[in-house]
Amino acid sequence: MNTTLRALLGATALCATAGIGAAQDNVTLTIATVNNGDMIRMQGLTGEFTAANPGITVEWVTLEENILRQNVTTDIANQGGQYDIMTIGTYEVPIWAKQNWLVPLEFDDAYAVDDLIPAVRDALSVDGKLYAAPFYAESAMVMYRTDLAQAAGVTIPESPTWTDIMTAAKAMTDKSAEQYGICLRGKPGWGENMAFLTAMSNSYGARWFDADWKPQFDSAEWKATLTDYLTMMNEYGPPGASSNGFNENLALFQQGRCGIWIDATVAASFVTDPKNSTVADKVGFAQFPNKDGVDNHGNWLWAWNLAIPTSSDAQNAAKTFIAWATSKGYTELVASKEGWRAAPPGTRTSLYENADYQKEAPFAAMTLTAINSANTQKASVQDIPYTGGQFVAIPEFQGIGTAVGQQFSAALAGQMSADDALAGAQSTTLREMTRAGYIK
């Protein structure tokens, strides 16, 4: 068993045939995906695809984010063949491609590969070959209630510091009315609370590892990060926050319970959707915060992508579906059904040049700014031996990141102190990195 496999198992009719050959007839595609709004919307439009491709039936396996990651990682590492298409992130794509676990994707000019935003395309390519197609991409930003800020007499600038955020969160909090100044991820997981906390730590000048791969949770920067996070959540956040991830905080914000929510830019279309959000016309946007004196806004860059495992026996049909679901034509389909504001964001340059999208999506400019400003080659202001923005791009990070996330979530739940959580994170990470051979 190689080290990558060991690490992963331990962690547990619109461009329908664009340049990838004819699909097989009478094929059933099993697609594993995450239970978020954009993916659920795609499932609702599956009939448009099957009508144009009557020989293909689509079956969906929709899972919570942490469970999805565990299931698809186990399946692909074992070459199980359970799924024909997997929804995976920018973390997995280069690691799995180098293991020859993913089918490279080739498209003709009709698909317009060059229209993909360069930072996103590069993150999904190995040696110039594309191994997954982005369904949507995101950075992270501040979403806040303009009415509550005005009533509280506070201003959130376009490029706020964490001092600005904490001041505003305090002013917006009224727990007697179930109005919480800030909502942040607390659910443990390398892609849940640790995605946020890693980005926050980047903005505080922290790093996961020094140049010799020694963990840095005993640093002043990490202590300041976790201390301020716990202060904000305990004093201005909602109850039970250690169980809240993206979806839970989205619901709280849409219900008018959160003054500030700092999370993925993709959330913007949902919090401004008048069909589902009670505060749709009262939302402002700002850049991910930085700590005073630190020139770093988190460097969060993520895409949810569609990829084909080499174990699939329906690769042509899978390519046909991916070409449809990630095409400009699909974007136009969503816009025709639900308006341009609902179009999958962050993947294509042409979307941000579209006047109709700019008019309907007040968050478009801030989203593009956040994506373009993310530097995943150097996430910290300090010297680091790794790439990745809100994650560390090594196979072991799934297990280590989740273990650290459990420590920090326990601190948020009041089960241990910040110092104990940091000490536990340091000890766990040092042990695992030594065991994996990074530290000699």
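Position numbers for residues count from 1 along each chain, tracking the sequence in the order it is written. The predicted origin of the model limits local features to residues at a pLDDT of at least 70 and limits the giving and counting of side-chain atom pairs to 80 or more, whereas totals for whole chains, interfaces and linings rest on all residues. For side-chain calculations, the full set of non-hydrogen atoms in the structure is used, while hydrogens and water are omitted.

The name an unreviewed UniProt entry assigns to the protein is Extracellular solute-binding protein, from the organism Paracoccus lichenicola. UniProt positions are given in the numbering used here, feature names are shortened, and annotations may be inferred rather than shown by experiment. Quoted verbatim from the Subcellular location (unreviewed entry) field of the UniProt record, the comment on the protein reads "Periplasm". Looking at the protein in UniProt, the text filed under Sequence similarities (unreviewed entry) is "Belongs to the bacterial solute-binding protein 1 family."

A. The packing of helix α8 (residues 162-172) against helix α10 (residues 220-236), seen in detail. Only the stretch in contact is used when fitting a helix axis, every axis being a line fitted to C-alpha atoms; angles between N-to-C directions are given from 0 to 180 degrees. Labels follow the DSSP assignment, with helices taken as runs of H or I lasting at least four residues and strands as runs of E lasting at least two, numbered in each case from the N terminus. The contact between α8 and α10 brings their axes to 10 Å, and the two run at 15°. The angle between the axes of α8 and α10 places the two elements in the roughly parallel class. Pair α8 / α10 crosses with left-handed handedness. Counting all contacts with α8, which are made through Trp-162, Ile-165, Met-166, Ala-169 and Lys-170, the residues of α10 involved are Asp-228, Met-232 and Tyr-236. Grouping the amino acids of the contact of α8 with α10 by side-chain chemistry returns 6 nonpolar, no polar and 2 charged. For this classification, under 35 degrees means roughly parallel, over 145 means roughly antiparallel, 65 to 115 means roughly perpendicular, and everything else is oblique. Put simply, a crossing is left-handed when the front helix is turned counterclockwise from the back one by less than a right angle, and right-handed when it is turned clockwise. Contact definition: two residues touch when any of their heavy atoms are within 4.5 Å. Each residue is assigned to one class: nonpolar for Ala, Val, Leu, Ile, Met, Phe, Trp, Tyr, Cys and Pro, charged for Asp, Glu, Lys and Arg, and polar for all the others, Gly among them.

B. Quick peek at the pairing of strand β3 (residues 85-89). Among the 5 residues in β3, 5 count as buried, and that is most of the element. Here the term buried applies to any residue with accessible area under 20% of the maximum for its type, exposed to any over 50%, and partly exposed to those in between, with areas from a 1.4 Å probe on protein chains only. A two-sided burial pattern is seen for β3, the buried positions comprising Ile-85, Thr-87 and Gly-89 on one face and Met-86 and Ile-88 on the other. The pairing criterion is simple: DSSP has to find at least two bridges between the two strands. Pairing of strand β1 (residues 27-34) with β3 involves 2 bridges; the strand directions are parallel. If you follow Ala-32 over to β3, its bridge partner there is Met-86. Here 4 bridges tie β3 to strand β11 (residues 302-307), and the two strands are oriented antiparallel to one another. Bridging across to β11, Met-86 finds its partner in Ala-307.

C. Spatial organisation of the pattern of salt bridges. Each reported salt bridge corresponds to a side-chain nitrogen of Lys or Arg within 4 Å of a carboxyl oxygen of Asp or Glu. The tally for this structure, following the rule as stated, stands at 17 salt bridges. Ionic pairing is found between Arg-41 and Glu-338, a salt bridge with its closest N-O pair at 3.3 Å. One end of the pair, Arg-41, is in helix α2 (residues 37-44); the other, Glu-338, is in helix α14 (residues 328-338), with 297 residues separating them in the sequence. Residue classification places Arg-41 among the buried residues on the basis of a relative accessible area of 11%. The partner of Glu-178 in a salt bridge is Arg-257, and the shortest N-O contact between them spans 3.6 Å. A residue pair is termed long-range when its members are at least 10 positions apart, and Glu-178 in the loop between α8 and β8 (180-183) and Arg-257 in the loop between α11 (246-254) and β9 (258-264) qualify at 79 residues. Given a relative accessible area of 27%, Arg-257 falls into the partly exposed group. If you follow the salt bridges from partner to partner, you end up with Asp-38, Arg-41 and Glu-338 in one network.

D. Broad picture of the layout of surface pockets. Here a cavity denotes grid points, spaced 1 Å and computed from the protein atoms alone, that fit a 1.4 Å probe unable to get out, and a pocket denotes an open set having protein on both sides within 12 Å along at least 5 of 7 lines; residues with an atom within 4 Å of a point are the lining. Grid points are joined across faces, edges and corners, and a volume is the space filled by probe spheres set on the points. Space inside the largest pocket adds up to approximately 560 Å³. Pro-94, Ala-123, Thr-376, Gln-377 and Thr-387 are, among the 24 residues lining the largest pocket, the residues nearest its centre. Mapped onto the lining of the largest pocket, the elements with two or more residues apiece are α5 (92-98), α6 (118-123) and α17 (364-373). It is α6 that contributes the most residues to the lining of the largest pocket, 4 residues altogether.

E. View of the domain arrangement of the protein. Note that the domain bounds were set by an automatic or database domain assignment. Split by domain assignment, the protein resolves into domain 1 (3-138 + 302-360) and domain 2 (140-300 + 366-435). One C-alpha centre belongs to domain 1, the other to domain 2; they are set 27 Å apart. Put simply, buried area is how much 1.4 Å-probe accessible surface two parts lose in total, over both of them, once they are put together. Taken together, the two surfaces of domain 1 and domain 2 that pack against each other cover about 2400 Å², and 59% of this comes from carbon and sulfur. Taking the shortest distance from any N to any O, the salt bridge between Glu-64 and Lys-187 comes out at 3.7 Å. Under this definition, polar contacts are N or O atom pairs within 3.5 Å; protein pairs additionally need one hydrogen-donor-capable and one acceptor-capable atom, and for neighbouring residues in sequence, both atoms have to be side-chain atoms. Along the contact surface separating domain 1 from domain 2 lie 6 residue pairs in polar contact (both at pLDDT 80 or more). Going through the elements one at a time, α1 (3-10), α2, α4 (65-77), α5 and β6 (133-138) are the ones with two or more residues in the side of domain 1 that touches domain 2.

F. A look at the sheet that holds β9. Spatially, the 4 strands line up as an open sheet ordered β8-β9-β7-β10, and their pairing is mixed. The open sheet has two free edges, formed respectively by β8 and β10 (283-287), since each of these has just one partner strand. Here the average twist between neighbouring strands, direction ignored, is 20°. Pairing geometry for strand β7 (residues 140-145) and β9, over 5 bridges, is antiparallel. Directly across from Val-142, in β9, lies its bridge partner Ile-262.

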